[in-house]
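Inside the fold
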Amino acid sequence: MNKIILKLENLNKKYSGNVDNLHIIRDLNLEVNEGDFISILGKSGSGKSTLLNLIGMLDKPDSGKIFIDGEEVEILNEEQLDLVKNKKLGFVFQFHYLLPEFTALENVMLPGLVSDYKNKKRVEERAYELLKEVGMDHRMTHKPMELSGGEKQRVAIARALMNSPKILLMDEPTGNLDEETSEMIHKLLKKINLEKKQTIIVVTHSKELANLSNKKLYLKKGVLDLEENNHI
Ligand SMILES: Nc1ncnc2c1ncn2[C@@H]1O[C@H](COP(=O)(O)OP(=O)(O)OP(=O)(O)O)[C@@H](O)[C@H]1O
Ligand SMILES: [Mg+2]
């Protein structure tokens, strides 16, 4: 039996604009199974980042329910929310958000130290293993400024995986990288999905990346659709 790791029920999100209310997410429903690799496509402004931010608990819906690993997010207290955010979700953005004053290794360690600060040694060992997995162990003492765009993104992926999140959320992770570097990261994501059964939800404009996923969903008029045809 497949385990449902993420469930969205009648989700709604509006922004108040100057002229009218922008009803960006409209009664949206989604079920994601553990181990799924889902890509979310859609034209610019369709609400992809809005949706991902709701799932990642960076923003709140106006109505509707979000269940992460069986837990309804809305009814959790602050402490429980932090736990879900830190332990169950990993986030990678288009423009990496590595901390400039820390090395690659330290950046990967940070989410681990937040939840397991007493075990610095263990966290460091895991961070090193993760950097090896993404092919960045040879640059572990470099600071973000001393890394290329693709290298920074690989470190960001390692960091997002630090606490073995149930869901890896990514918003255009290769949006500002060249084709060759993008392809390498796409393959890395596929490998992580297959080898670790890591659930991945990625927002992307890249057809190549979408083709590696096992389900392509198109965001149009506030809902997700399997069909590409009517997405523009
Ligand atoms: N904080 C906000 N306040 C008001 N409107 C917003 C806000 N954030 C986003 N919007 C609007 O909501 C719509 C959806 O934005 P969103 O960033 O989710 O789109 P997107 O699909 O991620 O686009 P892109 O592919 O360009 O990244 C856009 O029309 C945007 O202008
Ligand atoms: Mg976006």
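Here the structure is shown first, and the text comes after it.
Residues numbered from 1 in each chain as written. Chains lettered and ligands numbered in written order. Predicted model: local features only at pLDDT ≥ 70, side-chain atom pairs only at ≥ 80, totals over all residues. Heavy atoms only, no water.

1. So, unusual backbone geometry
- Although it is not a glycine, Glu-172 sits at a positive phi angle of roughly 45°.
- With respect to the helices and strands, Glu-172 occurs in the loop between strand 7 (167-171) and helix 6 (179-196).
- Taking the relative accessible area as the measure of exposure, Glu-172 reaches 16% and is therefore buried.
- Phi is positive for Lys-221, close to 50°, though the residue is something other than glycine.
- Counting through the fold element by element, Lys-221 comes out in the loop between strand 9 (215-220) and strand 10 (223-225).
- Exposure remark for Lys-221: the relative accessible area of 65% places this residue in the exposed category. (Helix = DSSP H or I, 4+ residues; strand = E, 2+ residues; numbered from the N terminus. Buried < 20%, exposed > 50% of the residue type's maximum accessible area, 1.4 Å probe, protein only.)

2. A few points about the layout of surface pockets
- Considered as a void within the structure, the largest pocket measures approximately 450 Å³ in volume.
- What lines the largest pocket is a set of 17 residues, among which Lys-85, Asn-86, Leu-89, Phe-91 and Pro-111 lie closest to the centre.
- Of all the elements in the fold, those that place two or more residues in the lining of the largest pocket are helix 2 (78-88), strand 6 (89-92), helix 3 (104-115) and helix 5 (149-161).
- Here the residues of the lining of the largest pocket sort into 11 nonpolar, four polar and two charged.
- Approximately 210 Å³ is the volume attributed to the second largest pocket.
- Around the second largest pocket, the lining is made up of 13 residues, and of these Met-57, Lys-60, Val-73, Glu-74 and Leu-81 lie nearest the centre.
- At the level of elements, strand 4 (63-68) and helix 2 are the ones that each hand at least two residues to the lining of the second largest pocket.
- Among the elements that take part in the lining of the second largest pocket, strand 4 stands out by supplying three residues, more than any other.
- Class assignment for the residues of the lining of the second largest pocket results in seven nonpolar, one polar and five charged. (1 Å grid on protein atoms, 1.4 Å probe; cavity = no way out; pocket = protein on both sides within 12 Å on 5 of 7 lines; lining within 4 Å. Points joined across faces, edges and corners; volume = space filled by probe spheres on them. Nonpolar A, V, L, I, M, F, W, Y, C, P; charged D, E, K, R; others polar.)

3. Some words on helix 3
- Within the sequence span of helix 3, burial applies to Ala-104, Leu-105, Asn-107, Val-108, Met-109, Pro-111 and Gly-112.
- Elements that come into contact with the buried residues of helix 3 comprise helix 2, helix 4 (120-133) and helix 5. (Contact = heavy atoms within 4.5 Å.)

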